[in-house]
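Chain by chain, the residues run as shown.
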Amino acid sequence: MNIEAAKELNNDCHSAIVDCGALELTLREQGEAWYQDINERCPHLFAAAFLFISSKEMEHIHAIIEAIGRVVALSAWRDAVLQHTPDIARYTPRAKGVFFGYDFHLNAEGAHLIEINTNAGGALFNALELYSQRDVVAPGKPAASDNLEQVFLDMFRNEWRLERGDAPLQTIAIVDKQPCEQYFYPEFVLMQQVFERAGIAAFIADPAELETRADGLYLHERKIDLIYNRLTDFSLQQHSAINAAYQNNQVALTPHPHAYALYADKRNIALLTEPDSLLAMGVAEMTIATLSMGIPQTKLVDTQTHDQWRQQRKRWFFKPATGYGGKGTYRGANITKRVFAEIMQGGYIAQRMVPPGERMICLQDSEPIALKSDVRCYVYDGQVQLITARLYQGQTTNFRTAGGGFAPVRVVD
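Basis of the calculations
Residues numbered from 1 in each chain as written. Predicted model: local features only at pLDDT ≥ 70, side-chain atom pairs only at ≥ 80, totals over all residues. Heavy atoms only, no water. Pairing = 2+ DSSP bridges. Helix = DSSP H or I, 4+ residues; strand = E, 2+ residues; numbered from the N terminus. Axes fitted to C-alpha atoms, helices over the stretch in contact; angles between N-to-C directions. Contact = heavy atoms within 4.5 Å. Buried < 20%, exposed > 50% of the residue type's maximum accessible area, 1.4 Å probe, protein only. Polar contact = N/O pair within 3.5 Å; in protein donor to acceptor, adjacent residues only side chain to side chain.

Q: Sorry if this is basic, but what is going on with the sheet that holds strand 11 (residues 252-254) here?
A: Adjacent strands of a sheet form backbone hydrogen bonds with each other and so pair up, either parallel or antiparallel. The strand order 6-5-10-11 describes an open sheet built from four strands, whose pairing is parallel. Two strands lie at the open edges of the sheet, namely strand 6 (201-205) and strand 11, each paired on one side alone. Across the sheet, the axes of successive neighbouring strands diverge by a mean angle of 20°, strand direction being ignored. Where helix 7 (residues 148-164) meets the sheet, it contacts strand 10 (226-229) and strand 11, and its direction lies at approximately 140° from that of strand 11. Across the sheet, helix 8 (residues 185-197) lies against strand 5 (171-175), strand 6 and strand 10, angled at about 165° from strand 6, the strand it touches most.

Next up, the structure:
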């Protein structure tokens, strides 16, 4: 019954509207210059309404995440997924990797894991939005902890403790290529402020600014203890200074190539939907059943099956195996001959189409419109820290839809 209740609330465009005034006030409290930047850079970052999910769907989501954790812990899984990765992915640090993102489509058939990311952005944005809406009267309960800033700070401190024990954490670099040009740059600034309030010197840097020396990795004249890694070069092939310092244990890095290889390489999703392979690894039948129900069938694309894919393409969604952020992804029904030929060269996975959920919203002076929705769980060391949703129109989440963006999630019992 709670699934129907959630669906009914999502179909009501007047239910649980985001208090834009409260959100604006919270954003302005981060600094007026920061507020102006995010307003201009990310005008569709925050959605106009909450998304409702049922407690039964929440249980299913948790079960899928826990099942994946049990599989990844097996030595047979690690042997299987690491054999085709760059050497750096086989280097095993002690750190777990921060801000894993498990993305789900929720529909009448249940919760379906679409992909896993190991450098998912947006957690601090969502923490601010949730905080700003704490007084909004809405059915259900928020799917988040009360003090997410402290939760995230403790996560980074734990990463450092795992790598360096009781040594003091003094400097952190938040690293991305041309960080000031990144869409989520304002979140880098928020993270920098979180660290500095905790007494940790924090810098936002391009990887080209980093230099390896005999005693460690430096940003100009400051030695860096830990890197919060936002790069999308997941194996660090283009960033020699970080690559060398990481493999020589001169800097703590999170998330790191080993975590990406175990969790986020999209070829892993295909393996998670192969029951016979999982059984051969020693995965329990109950775990296999959970994964089979919760992950859409996924296959590797190769040239030998060209005719098969051409005939069936409308039932599949194609993604680059090492892609990110929806880049290079295609709905089979919309693929041109040229793009299809490129996909058939390999390096892609095909995932059976699973429709996303919907949320009706009412924008000012317009008729109600239906936005697609997906649900993201931010996870650390197997534990869900925060659940949010993204509302959008189009093929993938894009933060370009009026009324769309990150949406607070409420759980209906």
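Read on for the rest.
Q: Any chance you could explain the side chain of R390 here in plain terms?
A: Mapped onto the secondary structure, R390 falls in strand 18 (residues 383-392). You can call R390 buried: its relative accessible area is 9%. Polar contacts involving the side chain of R390 include one to the side chain of D103, which spans 3.1 Å. Looking at R390, its side chain comes within polar contact range of the side chain of D374, at 2.8 Å. Other than its neighbours up to four places away in sequence, R390 contacts D103, K372, S373, D374, R376, T397, F399, G405 and F406.

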